[in-house]
Amino acid sequence: MPTYEYRCNCTRRREIVCSADDPTKALYDAGRMTCETCAETYTRVFSFRAASVMHSHFNDSVGEEVSSMAGFKDALKRKSDAVTARTGIPHDFQPIDWHDPAVAPKSDAGMKETHDRAVATGRVEPSKKIL
Ligand SMILES: [Zn+2]
């Protein structure tokens, strides 16, 4: 079910979750629903969320080529199962949200060494850009 967002002059926001042909949504869209605070009518707010695109690449974490978040999660699950079977210790690898400041790297320490090692083993083309 989609979510529709409306706002009035006092910036009070109202979200309604309904089908596109819901009568309540029609009232909001027609400007017939008024704010309890400022008595102005609600107007529709259009917003969207952009999904990030994962390009096909060799992922060191899972040791294979991945091209989507779903494929990456599947690969992490396979890796978790393999490590759990090998060690007898339950593993559940999860993707990291790099936008989370708690897990984002604080420096680029080790980046150049990792890049140089990847070039030396032929996994990565040497680039002019110095990391
Ligand atoms: Zn208002």
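Our subject in this report is the structure included herewith.

What counts as what
Residues numbered from 1 in each chain as written. Predicted model: local features only at pLDDT ≥ 70, side-chain atom pairs only at ≥ 80, totals over all residues. Heavy atoms only, no water. Helix = DSSP H or I, 4+ residues; strand = E, 2+ residues; numbered from the N terminus. Rg over C-alpha atoms; globule rule 2.2 N^0.38 Å. Buried < 20%, exposed > 50% of the residue type's maximum accessible area, 1.4 Å probe, protein only. Contact = heavy atoms within 4.5 Å. Donors = N, O, S within 2.8 Å, 3.2 Å for Na, K, Ca; no water. 1 Å grid on protein atoms, 1.4 Å probe; cavity = no way out; pocket = protein on both sides within 12 Å on 5 of 7 lines; lining within 4 Å. Points joined across faces, edges and corners; volume = space filled by probe spheres on them. Nonpolar A, V, L, I, M, F, W, Y, C, P; charged D, E, K, R; others polar. Patch = residues over 30% accessible without salt bridge, like charges linked within 9 Å, V, L, I, M, F, W, Y side chains within 5 Å. Areas by Shrake-Rupley, 256 points an atom, 1.4 Å probe, with all protein chains shown as cover. Salt bridge = Lys/Arg side-chain N within 4 Å of Asp/Glu carboxyl O. Expected span 1.5 Å × (residues − 1). Phe/Tyr/Trp six-rings, centres within 6.5 Å; stacked < 30°, edge-to-face > 60°. Lys NZ or Arg CZ within 6 Å of the ring centre and 35° of its normal.

## Quick look at the overall build of the protein chain
Within the protein chain, the regular secondary structure consists of three helices and five strands. For the protein chain, the C-alpha radius of gyration of 24 Å lies well beyond 14 Å, the compact-globule estimate for 131 residues. Dimensions of the protein chain, computed from the C-alpha atoms along their principal axes, are close to 65 × 40 × 25 Å. A burial count over the protein chain gives 17% of its 131 residues as buried.

## Some points on the side chain of Glu5
Relative to the elements of secondary structure, Glu5 occurs in strand E1 (residues 3–7). Looking at Glu5, the relative accessible area reads 15%, which means it is buried. In this structure Glu5 touches Arg13, Arg14, Glu15, Thr43, Arg44, Val45 and Ser47, once residues within four positions along its chain are discounted.

## Quick word on the coordination of the zinc ion
Of the protein atoms, only Cys8 (SG), Cys10 (SG), Cys35 (SG) and Cys38 (SG) coordinate the zinc ion, at distances of 2.1 to 2.4 Å. Mapped onto the sequence, the donors of the zinc ion take the spacing C-x1-C-x24-C-x2-C. A residue pair is termed long-range when its members are at least 10 positions apart, and Cys10 in the loop between E1 and strand E2 (13–17) and Cys38 in the loop between helix H1 (23–29) and strand E3 (43–45) qualify at 28 residues. Look at Cys38 and you get partly exposed, because its relative accessible area is 26%.

## A closer look at the layout of surface pockets
Taken as a whole, the largest pocket holds about 1000 Å³ of empty space. What lines the largest pocket is a set of 28 residues, and nearest its centre among them are His57, Asn59, Ser61, Phe72 and Trp98. Residue composition of the lining of the largest pocket, by class: 14 nonpolar, nine polar and five charged.

## Observations concerning a nonpolar patch on the surface
Together, Ile96, Trp98 and Val103 line one region of the surface with nonpolar side chains, adding up to about 310 Å² of accessible area. Here Ile96 shows up in the loop between helix H2 (69–87) and helix H3 (111–120).

## Section: H2
For H2, which comprises 19 residues, the first-to-last C-alpha distance of 26 Å matches the rise-based estimate of 27 Å (1.5 Å per residue) to within 8%. On the buried face of H2, the contacting elements are strand E4 (57–59) and strand E5 (64–66). Gly88 lies just past H2 and shows a positive phi near 80°.

## Side note on the packing of aromatic side chains
Counted under the stated rule, the structure contains two aromatic pairs. Residues Tyr28 and Tyr42 carry aromatic rings whose centres are separated by 5.6 Å and whose planes lie at 55° to one another, so their mutual orientation is tilted. Placement of the pair is Tyr28 in helix H1 and Tyr42 in the loop between H1 and E3, with a sequence separation of 14 residues. Through a chain of ring-to-ring contacts, three or more aromatic side chains come together here, namely Tyr6, Tyr28 and Tyr42. In this arrangement the basic side chain of Lys25 is found over the ring face of Tyr4, its NZ or CZ atom lying 4.7 Å from the centre.

## Side note on unusual backbone geometry
Residue Thr11 is not a glycine yet carries a positive backbone phi of 65°. Its place among the elements puts Thr11 in the loop between E1 and E2. The backbone of Ala39 shows a phi angle near 65°, a positive value even though the residue is not glycine. Examined against the element boundaries, Ala39 turns out to sit in the loop between H1 and E3.

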